[in-house]
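Here's the letter readout for the chains.
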Amino acid sequence: MSEEGQQPAAEQSPAPRPEPESDTGTPPEPASGESAPAPARPAWSYFLTPAAVLLGAAAIIAAVVLTDRGGEPDSADSLAPALESLSATAGSLSSTARSLAEAADALAAGTQASLTAPGTPATLRDAVTGYAALLGLDVGLFDQCLQQAAPYEAISAQLQIGVALGISATPTFFINNKLVAGAQPASVFAEVIAAELAGSPTSIDEYSPAIRQLAERDPPSFVIHAERPDLTGAFIEGNPDAAVVIVEFSDFQCPFCQRWYYDTLPEVRSLVGDDVALAFAHFPLTQIHPNAAGAHVAAECAGAQDRFWEMHDLLFEQQEEWADLPAIG
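Residues numbered from 1 in each chain as written. Predicted model: local features only at pLDDT ≥ 70, side-chain atom pairs only at ≥ 80, totals over all residues. Heavy atoms only, no water.

Section: helix α6 (residues 186–197)
Piece 1. Compared with an ideal rise of 1.5 Å per residue, which puts 12 residues at 16 Å, α6 spans 16 Å between its outermost C-alpha atoms and is within 8% of the ideal.
Piece 2. Residues of α6 that are buried include every one of Ala186, Val188, Phe189, Val192, Ile193, Ala195 and Glu196, and no others.
Piece 3. Looking at the residues trailing α6, positive phi occurs at Gly199, about 140°. (Helix = DSSP H or I, 4+ residues; strand = E, 2+ residues; numbered from the N terminus. Expected span 1.5 Å × (residues − 1). Buried < 20%, exposed > 50% of the residue type's maximum accessible area, 1.4 Å probe, protein only.)

Given below as structure tokens:
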């Protein structure tokens, strides 16, 4: 268990048997005290409030229930598990939505980009703006993007997709319709990718003992789903129509996600081409990673200038630099 204690969502450890953490508690109330008046929040940012995200999650559950019943109203007994699931994720979704809205406030505060020397940013905004400059982005356009609705809405939408899929920890992957939880070694990804290229197995018995062992864990670290996840809005490296698409639900501030980036992603990337593609889905765990929301917004804004993957790499490589910075000065 992490030193932060149990959380509604957790980082997936690359150890032989990662243990996802969970909790049903609510976020603590902010400390009392006076502070300077906050800048006015754009109207669109209220779509990222906890209530808005929870309503979206409730709509997903309702759609699933009605689809399973052919559109007929379900009984209270059969609705109960769905409602319990929604309740269990409420704390995590509320915290993430709140952090996204706070990130919108923080990154929108002021219009001047503060370019500090590499290695010496004073704030998270300084850091990501500096990274934008290092990547050759139009810093003025990048700064404008940080204050617009689109990146926040994209992150919120992908978060809800992950929650609807039952994801509660990072990193979590889908290789087509095969879920792989945790920072598993490259050999696991190589086997599943090869199996997908050979015909996409429908039974766990068609895999090696190593994969079957992952499937037998509680909770399982390998699951065959009925369908692939929705990739709407996701950035894709490689051929979007590839036979195999690896979707990474990740958190830029997660240390296990960073470890997977260094230890496994290089080998996975060597397979990317016409037949294999890599996609990224936002899943910031803001209750334990307060700067994650801002980092994910920066990646979205880099993507608006066709530099998402370059910013993706830089955020993981510089994680120790920006992770503990204040959001703004």
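So that's the structure; there's more coming.
Quick word on the environment of Arg228
Piece 1. Examined against the element boundaries, Arg228 turns out to sit in the loop between β5 (222–224) and β6 (235–237).
Piece 2. Taking the relative accessible area as the measure of exposure, Arg228 reaches 45% and is therefore partly exposed.
Piece 3. In the structure, Arg228 is positioned 17 residues away from Val245 in sequence and 9.0 Å away in space, judged by C-alpha atoms.
Piece 4. A polar side-chain atom of Arg228 sits 3.3 Å from a polar atom in the side chain of Asn176. (Polar contact = N/O pair within 3.5 Å; in protein donor to acceptor, adjacent residues only side chain to side chain.)

Things to note about helix α3 (residues 124–134)
Piece 1. The buried count for α3 comes to 9 of 11 residues, which makes it a mostly enclosed element.
Piece 2. Taken as a whole, α3 has its buried residues at Leu124, Arg125, Asp126, Ala127, Val128, Thr129, Gly130, Tyr131 and Ala132.
Piece 3. At the exit of α3 stands Gly136, carrying a positive phi of roughly 80°.

Some points on the nonpolar core
Piece 1. Judged by nonpolar contacts, the single largest core of 52 residues is most densely connected at Phe142, Phe252 and Trp322.
Piece 2. Beyond its immediate stretch of four places on either side in the chain, Phe142 contacts Val128, Thr129, Ala132, Leu137, Ala298, Cys301, Ala302, Gln305 and Met311.
Piece 3. Ala181, Ala242, Val245 and Ala281 belong to the second-largest nonpolar core, a separate cluster that totals 16 residues. (Core = buried A, V, L, I, M, F, W, Y, C linked by side-chain atoms within 4.5 Å. Contact = heavy atoms within 4.5 Å.)

Focus on unusual backbone geometry
Piece 1. Cis rather than trans, the peptide bond between Thr170 and Pro171 has omega equal to -5°.
Piece 2. Here Pro171 shows up in the loop between β2 (169–170) and β3 (172–175).
Piece 3. Residue Pro219 follows Asp218 across a cis peptide bond; omega there is 0°.
Piece 4. With respect to the helices and strands, Pro219 occurs in the loop between α7 (209–215) and β5.
Piece 5. At Ser200, a residue that is not glycine, the phi angle is positive and equals roughly 60°.
Piece 6. Along the chain, Ser200 falls in the loop between α6 and α7.

Structural notes on the packing of aromatic side chains
Piece 1. Scanning the model with the defined rule gives 13 aromatic pairs in all.
Piece 2. Between Phe189 and Trp260, the aromatic rings sit 5.5 Å apart at their centres with planes inclined by 55°, giving tilted as the arrangement. You can see Phe189 sitting in helix α6 and its partner Trp260 sitting in helix α8 (residues 255–263), a full 71 residues away along the chain. The exposure classification of Phe189 matches that of Trp260, with both residues buried.
Piece 3. Between Tyr207 and Phe222, the aromatic rings sit 5.0 Å apart at their centres with planes inclined by 65°, giving edge-to-face as the arrangement. On the criterion of sequence distance, the pair formed by Tyr207 in the loop between α6 and α7 and Phe222 in strand β5 is long-range, its members being 15 residues apart. (Phe/Tyr/Trp six-rings, centres within 6.5 Å; stacked < 30°, edge-to-face > 60°.)

Some points on the environment of Pro201
Piece 1. Within the secondary structure, Pro201 is located in the loop between α6 and α7.
Piece 2. With relative accessibility at 10%, the residue Pro201 sits in the buried group.
Piece 3. Remark: the alpha-carbon pair of Pro201 and Lys178, spanning 23 residues in sequence, is separated by 9.4 Å.
Piece 4. With sequence-adjacent residues up to four places away left out, Pro201 is seen in contact with Lys178, Ala195, Glu196, Glu206, Tyr207 and Ile224.

Structural notes on the pairing of β3
Piece 1. Residues Thr172 and Phe174 of β3 are buried on one face, and the alternating residues Phe173 and Ile175, pointing to the opposite face, are buried as well.
Piece 2. Relative to strand β4 (residues 178–181), β3 runs antiparallel, the two being bridged by 4 bridges. Residue Phe174 lies in a different strand from β4, and its bridge partner there is Leu179.
Piece 3. Hairpin geometry of β3 and β4 is characterised by an intervening segment of 2 residues between the two adjacent antiparallel strands and by a positive phi of about 55° at Asn176.
Piece 4. By the bridge criterion, 4 bridges tie β3 to strand β7 (residues 244–250) in an arrangement that is antiparallel. Counterpart to Phe173 in the pairing with β7 is Glu248. (Pairing = 2+ DSSP bridges.)

Nothing here speaks to function; it is geometry throughout.
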